[in-house]
Amino acid sequence: MLLSQLGVAAEIIPAQKLNHYWVDASAGLSLSGLSFCNGKLLTVSDKKSQEIYQIVLKGTHARLETYLTLSGLSVPKKDRPRNLWYFLLDLTRPAVAMDFEAISCAGNTFYLLSERYNRIAEVDIQGRGHWLENMWSAKAKAQGYMQGYNLSGVGLQKVGDNFWMVLERDPRALVKLDAKGGVQIFTPPPVAGLNFRGQPENLAGLDYYNGALFTLEPNGHAVCRRVLPSLKAKWCLDYWEHENSSELGYEVSRTGGKGDGLAVGDLGIFIVFDNDNISRIHDPQDRRALLLHLAFPEGVD
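Here the structure is a predicted model, which is why all the values come from computation and not from measurement.

> How would you explain the state of the cysteines if you had to name every residue and give the values?
Per the stated rule, a full pass over the model turns up 2 disulfides. Note on cysteine connectivity: Cys37 is disulfide-linked to Cys105, with sulfurs 2.2 Å apart. Disulfide Cys37 to Cys105: torsion about the S-S bond roughly -110°, handedness left-handed. Residue Cys37 is located in strand S4 (residues 31-37), and its partner Cys105 is located in strand S8 (residues 100-106); the two are separated by 68 residues in the primary sequence. Paired through a disulfide, Cys224 and Cys236 show a sulfur-sulfur distance of 2.1 Å.

Below, the structure written as structure tokens:
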């Protein structure tokens, strides 16, 4: 009972930075999702819905390049949000602006999560896409989630025949979508000692690696390894010192962390930051996105 009230005891480990990259050609795109797909580091933009991008790493440099140009994704008719906020959004942004927040893959098939329309798009290797029938928003809203504007899914990972997704905040949640249309919604156990510094406990990126889910907790400036099926955190990497250093920090534009996409693989842990086209502290002329490469902690599994 005490742990359920105060949070799960997990080791909070200062993150070791292996490298960082300022991603060329990324200014203004607000990179969001991130995923390793067939050895390539892919990402999407919540400002530009027509492309899947690749972040190409060469030495100490990174560059954003178009990987696929999408076709066939018309505005979905089912499960469209209907409230004042989205009505105003429809007046100010074109309906084909999908607000993609996450990318996942299985072989040569890619999955994109639209926050605007609460839908998952399946895309083939030629870029041809269609919307899957997975629906979750009605059940989530009935259980008290997704009660405000822009509080939908922001992280996605395909694990076997299932999808795992994160709902960002107020309250945050992990959602499991099975192949038969079932929807399960879980509150991730809090982590004792993880410092959100007065900001909402939120989630952003999600990945699955070596039998565990990894959650990006941006306002806690942390990546947590969560075991299945309990979702308890085994350990969390705290990268606050790196994100808020004068070398890597951005000029103040909003409270909380800017981490938005997470990719975990044999090379380590990668986080892409959505800087809202805000300049760096160290170089006010530079509005590129930051890609941070962290090491796995030693001595833990």
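> An account of the sheet that holds strand S17 (residues 206-209) is needed here, citing residue identities and associated values.
With mixed pairing, 5 strands are arranged side by side in an open sheet as S2-S20-S19-S18-S17. Two strands bound the open sheet, and with one partner strand each, they are strand S2 (11-14) and S17. On average, adjacent strands in this sheet sit at an angle of 20° to one another, irrespective of strand direction. Alignment of S2 against strand S20 (residues 233-238), held across 4 bridges, turns out to be parallel. Counted as the bridge partner of Pro14 is Asp238 from S20.

> Lay out the pairing of strand S6 (residues 51-58) in plain terms, naming residues and giving numbers.
Counting buried positions along S6 gives 6 out of 8 residues, so the element sits mostly inside the fold. Judged from the 2 bridges that link them, strand S5 (residues 40-45) and S6 form a sheet pairing that is antiparallel. Bridge assignment links Leu42 to a residue of S6, and that residue is Gln54. Linking S5 to S6, which pair antiparallel, is a turn of 5 residues. Bridge count between S6 and strand S7 (residues 61-69): 8 bridges; the pairing is antiparallel. The partner of Gln54 across the bridge, within S7, is Glu65. Counted between consecutive antiparallel strands, the loop separating S6 from S7 contains 2 residues, among which Gly59 sits at a positive phi close to 65°.

> Kindly report on the sheet that holds S8, identifying the contributing residues and their values.
A sheet is described by the order of its strands in space; here 4 strands give the open sequence S8-S9-S10-S11, paired in antiparallel fashion. Edge positions in the sheet fall to S8 and strand S11 (129-131), since each has one partner strand and no second. The mean angle between the axes of side-by-side strands here comes to 25°, regardless of whether they run parallel or antiparallel. Strand direction decides the pairing type here: strand S10 (residues 119-123) and S11, joined by 3 bridges, are antiparallel. When the sheet's bridge partners are listed, Val123 is paired in S11 with Gly129.

> For the pattern of salt bridges, give the residues involved together with the corresponding values.
One pass over the full model with this rule turns up 10 salt bridges. For Glu217, the salt bridge is made with Arg226, and the minimal N-O distance between the two is 2.9 Å. What emerges from the salt-bridge pattern is a single network uniting Asp24, Arg280, Asp286 and Arg288.

> Tell me what's going on with the pairing of strand S19 (residues 222-227), and back it up with residues and numbers.
Of all 6 residues in S19, 5 are buried, a share of seventy percent or more. By the bridge criterion, 6 bridges tie strand S18 (residues 212-217) to S19 in an arrangement that is antiparallel. Residue pairing across strands places Phe214 opposite Arg225, the latter belonging to S19. Two successive antiparallel strands, S18 and S19, enclose a turn made up of 4 residues, where His221 displays a positive phi of approximately 50°. Of the strand pairs in this sheet, S19 and S20 are connected by 5 bridges, and their pairing is antiparallel. Its bridge partner lying in S20, Ala222 is registered against Asp238. Adjacent in sequence and paired antiparallel, S19 and S20 are bridged by 5 residues, among which Leu231 carries a positive phi angle near 70°.

Quick notes on the rules
Counting from 1, residues in each chain are numbered in the order their sequence is written. The predicted nature of this model means local features are confined to residues of pLDDT at least 70 and side-chain atom pairs, given and counted, to a pLDDT of 80 or more, with totals for whole chains, interfaces and linings taken over all residues. Excluded from the side-chain calculation are hydrogens and water; included are all heavy atoms of the structure. We call a pair of cysteine sulfur atoms a disulfide when they lie within 2.5 Å. Here a strand is any run of E in DSSP of at least two residues, a helix any run of H or I of at least four, and the numbering for each starts at the N terminus. A pair of strands counts as paired when DSSP detects no fewer than two bridges linking them. Every angle, taken between N-to-C directions, lies between 0 and 180 degrees, and every axis is a line fitted to C-alpha atoms, over only the stretch in contact when it is a helix. Burial classes follow relative accessibility: with a 1.4 Å probe on protein chains only, a residue under 20% of its type's maximum area counts as buried, one over 50% as exposed, and anything between as partly exposed. By definition here, a salt bridge exists when the distance from a side-chain nitrogen of Lys or Arg to a carboxyl oxygen of Asp or Glu is within 4 Å.

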